[in-house]
Every structure is written in structure tokens, then in C-alpha cells.
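What the coordinates show
The lines below spell out each chain.
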Amino acid sequence: MQNKFIVNSSQQLLEPTIKNAIHNFENHTEILGEGDRNVIKIVEIEGKKYAIKSFKIPNFINKVAYRFFRKSKAERSYIYASTLLSKEIGTPLPVAYDLYMTPFLFNKSYYVSELVACDLTYRELTTDFSISDHEAILRAFTRFTYKLHKNGINFLDHSPGNTLIKRVNGDYLFYLVDLNRMEFGTMDFDTRIKNFAKLTIHKSMIETMSNEYAKCSGEDEEKVFNLMWMYTKEFQYRFYRKIRVKKRIFFWKKKYKTISGDSPI
């Protein structure tokens, strides 16, 4: 198994410790997030906390693609984080990435970043309207997104859980996470507004964000709202249609197993 390990120049003194932390990933017990695809664990190194993200081993096609044609999710996360910081966009400091592969296939990968202690994520804004500074945060977040767009950053996973929010002296700092899907370049108006589509189902939040984005961009507020609301509804329709299709497929799989005598469980 071949290995490619890259560490941030500012963290080189910690290189052996970081490598060891990755190698012992399965032994770390503090889990930040765990899903079907990836697992994030928290480790402490010399008094500072870091997040290690273990990416799921890809399917065969992506094993070939990541080995020869595309950068892996871990490497892209590291590169994109560095790009964001160079443009003064908040994201946890990229520390290292670690790749494992054979001569012909990609295998496992890890991404390490500093852990940011945040007060909340955008997701809380969609579920708790009693937050005292809810509107102020939402408007500041919209200005932050406008800054992304002005810098030619299309964050394709601009969704509720991927922005950390920190209150600092009456102001707000925003940190993007889950960075492996981004595009860079000039964004037209439609692309900018479409970038809000995954964030909320609440019309009141769309009204606030469209009002603030119109102020930032100089575009007509009604035009911004109508387009933002249209893209939001389109995304929700596709999202729930996908869930319905998956449920049907799962149902027929269970039915087939039952008919054939196998347990559906």
C-alpha cells in the first residue's frame, strides 16, 4: 500500500504526532459526526483539539478516478481550505491529509483540521426562531455568502450543517466545513441565488436573506426573492422525490427477499 501524507508547513513540528493520531483513528472515542459515508473524530494534540475526518472507501469507479484522474476528497478539502483562507474566508485551519492507495486503485483517506469551537451552526437558525439575534445572524450570514460570491467561490454544499457560527464582540464569524465540493470562477446572478437553495424551507428566512442580498448586490429585491424562493422549492421537490424513489426501491427489495424466503431484516 502506497501512502501520501502532506502536512501544513505551520504544523510540521507536530508531523509525527499527527501521523500517529491518524494511524490510531479507530481507537479515538470522541466522535464529532458519523454518517453512512464519513466519520469525524476529535483528538487533542499538545493542548489543542483537532478534527480528523475519515472518508469512506470509494466504489470501484472512484477508486480508479481518485487514483489517476481526480484529487481525492481529503486532498480537495485541504486545498480548498487553503484557498478560502487566502481569500480571507473563514474555515478551520487545514492541518494535513493522508492518502492510501495501491499502484492501480485508491483506497482510504483522512483530512485533519483544527477544531473550531462555535456557538451554533446555520441549522439551528432553521429550527429555533427564538434565538435572540436570529435575524442579525441571518443577515450577517447573507453578507458572508455575498462575499463568497464576489470572490468567485461557489460552495456546492452550502447547506445548514456546513457553516459554523461564532459570536465575537457583537459581530459574527462564519466558518465553512465539508469543503470537498467547490467551484471557483465568476458566478452569474442565477448561479449566486441558486446557491441559497439548500439552506432552508422557511419563506420568512428567504425573505430576510433576499432583502439583505439585494442590499449587497444592488439587484431588485423582488427579483432576488422570487428567484431564491423558486430555487428553494425546486430543490425541496427534487430532494423529497429522491426520498420517495429510495423508499419504493427499498420496499420492493424487502418484498422480493420475503417472497424468495430470505429475511427482510
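Let us look at the structure shown here. (Residues numbered from 1 in each chain as written. Predicted model: local features only at pLDDT ≥ 70, side-chain atom pairs only at ≥ 80, totals over all residues. Heavy atoms only, no water.)

A short note on the environment of Q11
Note that Q11 resides in the loop between β1 (2-7) and α1 (15-23). Distance from Q11 to A96, taken between C-alpha atoms, is 8.5 Å for residues 85 residues apart in sequence. Sequence-distant contacts of Q11, that is, excluding residues within four places in its chain, are made with I18, Y50, L93, V95 and E114. (Helix = DSSP H or I, 4+ residues; strand = E, 2+ residues; numbered from the N terminus. Contact = heavy atoms within 4.5 Å.)

Some details on a nonpolar patch on the surface
Taken together, F68, F69 and F104 make up a surface patch of nonpolar side chains, about 420 Å² in accessible area. Structurally, F104 can be placed in the loop between β5 (94-101) and β6 (106-114). (Patch = residues over 30% accessible without salt bridge, like charges linked within 9 Å, V, L, I, M, F, W, Y side chains within 5 Å. Areas by Shrake-Rupley, 256 points an atom, 1.4 Å probe, with all protein chains shown as cover. Salt bridge = Lys/Arg side-chain N within 4 Å of Asp/Glu carboxyl O.)

So, a negative patch on the surface
A cluster of acidic residues, E207, D220, E221 and E222, forms a negative patch on the protein surface. Take E222: it is sitting in helix α8 (residues 221-259). (Lys, Arg positive; Asp, Glu negative; His and termini not counted. Charge placed at Lys NZ, Arg CZ, Asp CG, Glu CD.)

Digging into the nonpolar core
L125 and L176 are the most contacted members of the largest nonpolar core, which totals 49 residues. Once you skip the residues sitting within four places of it in the chain, L176 turns out to touch L84, I89, G90, T91, P92, F144, L148, F155, N162, T163 and M182. Counting 17 residues, the second-largest nonpolar core is a separate cluster that includes V7, I22, I52 and Y110. (Core = buried A, V, L, I, M, F, W, Y, C linked by side-chain atoms within 4.5 Å. Buried < 20%, exposed > 50% of the residue type's maximum accessible area, 1.4 Å probe, protein only.)

Remarks on unusual backbone geometry
Even without a glycine there, the phi angle at E88 is positive, about 60°. One can find E88 in the loop between α3 (73-86) and β5. At D178, a residue that is not glycine, the phi angle is positive and equals roughly 60°. Position of D178 among the secondary structure elements: in the loop between β10 (171-176) and β11 (182-184). Overall, the relative accessible area of 26% leaves D178 in the partly exposed class.

Remarks on the sheet that holds strand β7 (residues 120-121)
Taken together, the 3 strands give an open sheet; going across it, the order is β7-β9-β10, and neighbouring strands pair in antiparallel fashion. With partners counted over all chains shown, the strands left at the sheet margins are β7 and β10, one partner each. Packing against the sheet, helix α5 (residues 134-150) makes contact with β7, β9 (163-168) and β10, and its axis sits at approximately 50° to β10. (Pairing = 2+ DSSP bridges. Axes fitted to C-alpha atoms, helices over the stretch in contact; angles between N-to-C directions.)

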